[in-house]
Amino acid sequence: MVSLRVISIGLRSLFRKQQVDRELDEELRAYLEMAVDEKMRLGMSRPEALRAVRLERGSLEVTKEVVRSAGWESFIEAFWQDCRFAARTLLKAPGFTAVAVLTLAMGIGATTAIFSLIEGILLRPLPFHDPDRLVLLGDHLGGRPGMSVTAREIAAYSSATLAFSALGGYTTASFELSGVSVPEQIDAARLNSQMFSTLGVRPILGRVFTAKEEDARQPVAVISYALWTNRFHRDVQVIGSSIVLDRKSYSVIGVMPGDFEFPLGFGHLYRSQLWVPLSLTTDELSDQHSGFWGYHMVARLKDGVTLLQAAQDADRVARQNMRDFPASLSAIHINGDVRLLRETVVGEVRPVLQTLFLAVVVVLLLACVNVSSLLLVRAIRQRREYALRVAIGASSWKIIRKSALEGVLLSAAGGLLGLAFAAITIRTVLNLLPGSMPRVNSISINRIVSGFALVVAVCTSVLCSLAPVFAAVRTNLIEALKEGARVGGSASHTWLRSVLVVTEVAIALVLITVSGAFLRSVQRMQEVDPGFRADHALVASFQLPLRQYPTDVAVANFNRAVVEQLSRKPGVTATAISNTVAASDVSPQSAFTVEGLSAEHWTLKFAAFTSVYGDYFSAMGILLLEGRTFTVHDDSHAPLVVIVSQSMARECWPGQSAIGKRMHVGGPQNPLPWATVIGVAADTKVPRDKPSIEQWYTPMNQPATLYGAGTPGNLSDPPTGYITLRSSVDPGSMIRTLRSTVAEIDPLLALEDVQPVTEDISAIEAPRRFNTELITAFAAGALLLAITGVYAVMAFSISQRKQEIAIRAMLGADRAGIAKLVLISGAKIALIGCGLGTLGSLVASRLVSSFLFGVSATDPLIYLACVLIMVAMTLLASTLPAVRAASADPMEALRSS
Amino acid sequence: MTPEKPSDLVQGTLDMLVLKTLALEPMHGHGISVRIEQISKGVFRLNAGSLFLAIQRLQREGLITGDWKPTENNRRARYYALTEQGRKKLSSETREWERQVAAIARILEA
């Protein structure tokens, strides 16, 4: 109650200062007049009375001050005055202020931008209910860390595990969405009915599907907020309407909230737009399909169950599952395991983001040091003013407060500008993020990020103010006044400045060695032979709707039409269709058995297979090392043939030619027909910084290689494919030819990712380049800051020593000698800084070594190059002040002081 | 007889004296200091600074209120009056003061 009144009265005097002051004035004047009247009644003259009153009652001016400064609001007022004073002083030096604010804005902005990535990707909880209890449940297969299950296992795990309160299964899918506007291939997922409840999410509109609907194979779909917005313009009538997926009608029953994203962890290359019931087909549940680990499970841990207990429970069920495997899988051993869902989503990008954050914090630190040393130089220049003010009674606290306030104001301005800068950066960087970065759409400048920017601004203001405050505290009144014209010569301040600059050089060196190692890694990656020629090649992907292409024959007709018609176009030198392009560890893979190896010696190993139609090896420019390529005669009537990669040939048939050897898909118990090796091709590698995996190729016209003699003519999965095309002209100019040719064959078919192979490859290799570019940008920023720091300090110290240098010149020191003097002090800074920086780099090398490729984090050549760059730049920064010192007219210098 | 030099107030008693003065009738700043001097027979002489500080403090605590009114000499002055809260405060302060004075007296007489 009382405190409220105190505050309100205080606020009144703060905001209606003039009125309050006037009232006080009037009251005191009345008081004075009454006192004087009284004295005059006693017979005094007016001047006598005035004097008497002042003697008795004290000066009314002082009273006014005392009363005014008694309330709490007077502190704020004084603070406000100090702020205005500091702002005025800063505005009087616009150059200094602009440099300082911009430096801080860059530092704070970059830090905030990187933090917004960290907040959106790492810190924000997954968009599910109590996400920390969610785990990914799956099998370890042949020592591989892949966490997936087979179609049959979904039911087995759901019923037999005890550690989970809910389990859901899903698999990714892709549909051609048509019927609303232009047909489009969209990412989707098939979920079983327990999936939504396991995640604990509800639709914002309508409902999700039920177990009954899943079992009855109802064509119902739950759509994403984005799809609802983009395709249906947020029309609530969408519920109950129908959409066409793969040319089959589905009815929309629900819309998920905007932040819902599932499955997570694929980056923006795959983002599910709608969810349909899993409704496993009899084909998917058949023996033949039972070796396909293409499904995933997410489960919720029961209260009190630990991750380890859950893993043991899963492994127990996995052993039961193994017993139910068909004979063809009897050689396969699996282990059940669980991993926190969050880890599977962001675990891989965490170290990269952390490293980037560290790097950007280093840049921010440098920005602080630079601004701090600028403030310090100012403080030193103003020392005489300070000393004078202290001498006439200002408290040194007041002077410190003013110095600190300058830092606070600069940081506040820098913080605001930095936030704006971060907002712009985020908008542009989001498009540049590598496709593998998960949860990209949760990145934004929100309250947390803004709060972070505020905290950073406060911290920088403290850091920036440290040095000048320190200088102000150490100001020796007498010395400062006595020094006369020579300001700033005091040993402690020179020492402080040198420490700041040496620190900058050291920190910058750490970042540039790290960036050097990253750059060299990219270079090493680019030196690696990918095994194919990406230039002059074009690629496009498509997915044939099952309705229109239900049989192998229909697909084969499509393939033949595409390859034949494209080959006839001018400029096209080779065309092919394949199920994958430039096989890598994300390509379809399969276990395999080599003839002559007994079942006991067989171990589960995977190789990527590429099923090709047309002249794939020419179209991709893959070198054939031995044997022959496929011809049109390698069809379903001819003996089965395969081409293996060099590394597979070496692994399976060491020391002998692979040609003529035989192999088949799956384990030794699998009754699949043998295929004969007819050629050995070079290994393909995408991305080039990952070890290549074993690969083999099969003609698309011989599906028996993959599916055995019992191949049904009807397909169960919509066939996905890639068209590759090699041209004698720029591949970009062939895009139109490719599109129009395919449109002639199937006008409704959506072609996706039509681009030169070079672009496809660079998208896959983007993460390494992205990290490298960011780190290099930060290193460049750090270098720039360090160099400007060195320059500022050098220029200042020269201007301080103008007289000394002039006297030396008068006494006969030659100009070269003077310049040398300056350069030597620059070299000292460079060498000490580089020495410390090298030590710092050695520490940092442990942190970054896992991100490097083909280069050691402590590569002496990189260190040498970076040290040379640093020394050269430091000397360069000292050169200008040195030249200026040497060319100054001594008389001028002496007179100007 | 030379008057004794005015004494300094016992710490913390000024507020109480101002309240007591205002308990009789509303009064302006000068009137308060004159009355305190008169009643104390010149023992306490108030400096303007201390007086107006006390007035500001009491006002902020809601113990007194101020109103501009004309004086008997046709000047305008701010007259202060006790609030209900101020009255309560005065009686409790007075009791407390008497208790303390009695205690001190007992100690000094012992």
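Keep in mind it's a predicted model, so treat the numbers as computed, not measured.

Here's the deal with the overall build of chain A
Right, on to step 1. When its secondary structure is counted, chain A shows 29 helices and 22 strands.
Right, on to step 2. Relative to its length of 897 residues, chain A is extended, with a C-alpha radius of gyration of 38 Å against a globular reference of 29 Å.
Right, on to step 3. Projected onto the principal axes, the alpha-carbon positions of chain A cover approximately 135 × 80 × 55 Å.
Right, on to step 4. A burial count over chain A gives 44% of its 897 residues as buried.
Right, on to step 5. Across chain A, the fraction of contacts at a sequence separation of at least 24, relative to all contacts at a separation of at least 6, is 83%.

Quick look at the overall build of chain B
Right, on to step 1. A tally of regular secondary structure across chain B gives four helices and three strands.
Right, on to step 2. If you list the helices and strands of chain B from N to C, you get α-β-α-α-β-β-α.
Right, on to step 3. Counting all 110 residues of chain B, 27% fall into the buried class.
Right, on to step 4. Within chain B, counting contacts between residues at least 6 apart in sequence, those at least 24 apart form 50% of the total.

As for the pairing of strand β20 (residues 695-699) of chain A
Residues and elements named next belong to chain A.
Right, on to step 1. Judged by how many residues are buried, β20 sits mostly within the fold: five of five residues are covered.
Right, on to step 2. Neither face of β20 is exposed, since Q695, Y697 and P699 on one face and W696 and T698 on the opposite face are all buried.
Right, on to step 3. Sheet topology note: the strand β15 (residues 606-614)/β20 ladder contains five bridges and is parallel. Paired with F609 across the strands is W696, a residue of β20.

Describing the packing of helix α7 (residues 151-160) of chain A against helix α11 (residues 307-323) of chain A
If you want to describe how two helices pack, look at the angle between their axes and the distance between the axes.
All names here are of chain A.
Right, on to step 1. α11 packs onto α7 with a crossing angle of 135° between their chain directions and a minimal axis gap of 10 Å. In terms of axis orientation, α7 runs oblique to α11. In this structure, α7 meets α11 at a crossing whose hand is right-handed. Within the contact between the two elements, α7 uses E153, A156, Y157 and A160 and α11 uses V317, Q320 and N321.
Right, on to step 2. Among the residues forming the contact of α7 with α11, the class breakdown is four nonpolar, two polar and one charged.

Description of helix α28 (residues 860-887) of chain A
Right, on to step 1. In this model α28(A) runs 40 Å from its N-terminal to its C-terminal C-alpha over 28 residues, within 8% of the 40 Å that 1.5 Å per residue would give.
Right, on to step 2. Remark: the principal bend of α28(A), roughly 30°, maps to A:T879, with a proline, A:P881, within the next four residues.

Re the domain arrangement of chain A
By a widely used convention, the size of an interface equals the accessible area lost when the partners come together.
Right, on to step 1. Each assigned domain of chain A is listed here: domain 1 (2-71), domain 2 (143-332), domain 3 (350-526 + 766-896) and domain 4 (545-748).
Right, on to step 2. Here the C-alpha centre of domain 3 of chain A lies 54 Å away from the C-alpha centre of domain 1 of chain A.

Quick look at unusual backbone geometry
Residues and elements named next belong to chain A.
Right, on to step 1. Between F262 and P263 the backbone carries a cis peptide bond, its omega angle lying at -10°.
Right, on to step 2. Inspection of the secondary structure puts P263 in the loop between β8 (248-255) and β9 (274-277).
Right, on to step 3. Residue P687 is bonded to the preceding V686 through a cis peptide linkage, with omega at -5°.
Right, on to step 4. Not every positive phi belongs to a glycine, and D130 is a case in point at roughly 40°.
Right, on to step 5. Looking at the secondary structure, you find D130 in the loop between α6 (94-123) and β1 (134-141).

Details of the interface of chain A and chain B
Right, on to step 1. Listed per partner, the contact involves 20 residues of chain A and 18 residues of chain B.
Right, on to step 2. The set of elements that each furnish at least two residues to the side of chain A that touches chain B consists of α1 (2-15), α2 (17-41), α3 (46-57) and α4 (60-68) of chain A.
Right, on to step 3. At seven residues, the largest contribution of residues to the side of chain A that touches chain B is made by α2(A).
Right, on to step 4. Looking at the side of chain A that touches chain B residue by residue, the class counts come to twelve nonpolar, two polar and six charged.

Quick notes on the nonpolar core
Residues and elements named next belong to chain A.
Right, on to step 1. A221, V505, A508, L511 and A782 are the most contacted members of the largest nonpolar core, which totals 166 residues.
Right, on to step 2. Looking at this core element by element, the count peaks at 18 residues for helix α13 (residues 350-381).
Right, on to step 3. Looking at this core, you find at least three residues from each of domain 2 (143-332) and domain 3 (350-526 + 766-896).
Right, on to step 4. Contact partners of A508, with chain neighbours within four places excluded, come to L366, A782, L783, L785, A786 and M870.
Right, on to step 5. Ranked by size, the runner-up nonpolar core spans 65 residues in total, among them F542, I643, V644 and I678.

Re the sheet that holds strand β1 (residues 27-28) of chain B
Right, on to step 1. The strand order across the open sheet built from three strands is β1-β3-β2 (chain B), with neighbouring strands paired in antiparallel fashion. The open sheet has two free edges, formed respectively by β1 and β2 (64-70) of chain B, since each of these has just one partner strand.

Looking at the confidence of the model for chain B
Residues and elements named next belong to chain B.
Right, on to step 1. On average, residues of chain B score 83 in pLDDT, and 89% of them are at 70 or above.
Right, on to step 2. Per-element averaging of pLDDT across chain B places helix α3 (residues 48-60) at the bottom with 86 and helix α4 (residues 84-109) at the top with 89.
Right, on to step 3. Here the predicted complex carries an ipTM of 0.85, next to a pTM of 0.74.

Focus: the pairing of β9(A)
Right, on to step 1. Of the strand pairs in this sheet, strand β4 (residues 184-191) of chain A and β9(A) are connected by four bridges, and their pairing is parallel. Across the sheet, A:A189 pairs through a bridge with A:W275, a residue of β9(A).

Details of the confidence of the model for chain A
Right, on to step 1. Of all residues in chain A, 93% have pLDDT values of 70 or greater, and the mean over the chain is 84.
Right, on to step 2. Contacts for the low-pLDDT stretch residues 484-488 of chain A, under 50 throughout, to residues beyond four places or in other chains number eleven contacts.

Observations concerning the environment of A:V352
All names here are of chain A.
Right, on to step 1. Note that V352 resides in helix α13.
Right, on to step 2. Its 21 C-beta neighbours within 10 Å are what place V352 among the buried residues.
Right, on to step 3. In contact with V352, not counting residues within four places along its chain, are N771 and F851.

Here's the deal with the packing of helix α2 (residues 29-39) of chain B against α3(B)
All names here are of chain B.
Right, on to step 1. Where α2 meets α3, the closest approach of the two axes is 11 Å, and the angle between their N-to-C directions is 115°. Classified by the angle their axes make, α2 and α3 are roughly perpendicular. For α2 against α3, the interelement crossing comes out right-handed. Contacts between α2 and α3 involve G29, I32 and S33 on the former and, on the latter, L51, F52 and I55.
Right, on to step 2. Class assignment of the residues belonging to the contact of α2 with α3 gives a composition of four nonpolar, two polar and no charged.

Side note on the environment of A:M810
All names here are of chain A.
Right, on to step 1. As for its position among the elements, M810 is in helix α26 (residues 802-810).
Right, on to step 2. On the basis of neighbour counts, which here come to 12 C-beta atoms within 10 Å, the residue M810 falls in the exposed class.
Right, on to step 3. Separated by 79 residues in sequence, M810 and D889 place their C-alpha atoms 9.8 Å apart.

What counts and what doesn't
Residues numbered from 1 in each chain as written. Chains lettered and ligands numbered in written order. Predicted model: local features only at pLDDT ≥ 70, side-chain atom pairs only at ≥ 80, totals over all residues. Helix = DSSP H or I, 4+ residues; strand = E, 2+ residues; numbered from the N terminus. Rg over C-alpha atoms; globule rule 2.2 N^0.38 Å. Buried ≥ 20, exposed ≤ 12 C-beta atoms within 10 Å, placed from the backbone. Contact = placed C-beta atoms within 7 Å. Pairing = 2+ DSSP bridges. Axes fitted to C-alpha atoms, helices over the stretch in contact; angles between N-to-C directions. Parallel < 35°, antiparallel > 145°, perpendicular 65-115°, else oblique. Left-handed = near helix turned anticlockwise from the far one by under 90°. Nonpolar A, V, L, I, M, F, W, Y, C, P; charged D, E, K, R; others polar. Expected span 1.5 Å × (residues − 1). Bend = angle between axes of the 7 residues up to and from the residue. Domains from an automatic or database assignment. Core = buried A, V, L, I, M, F, W, Y, C linked by C-beta atoms within 7 Å. pLDDT = per-residue confidence, 0-100.

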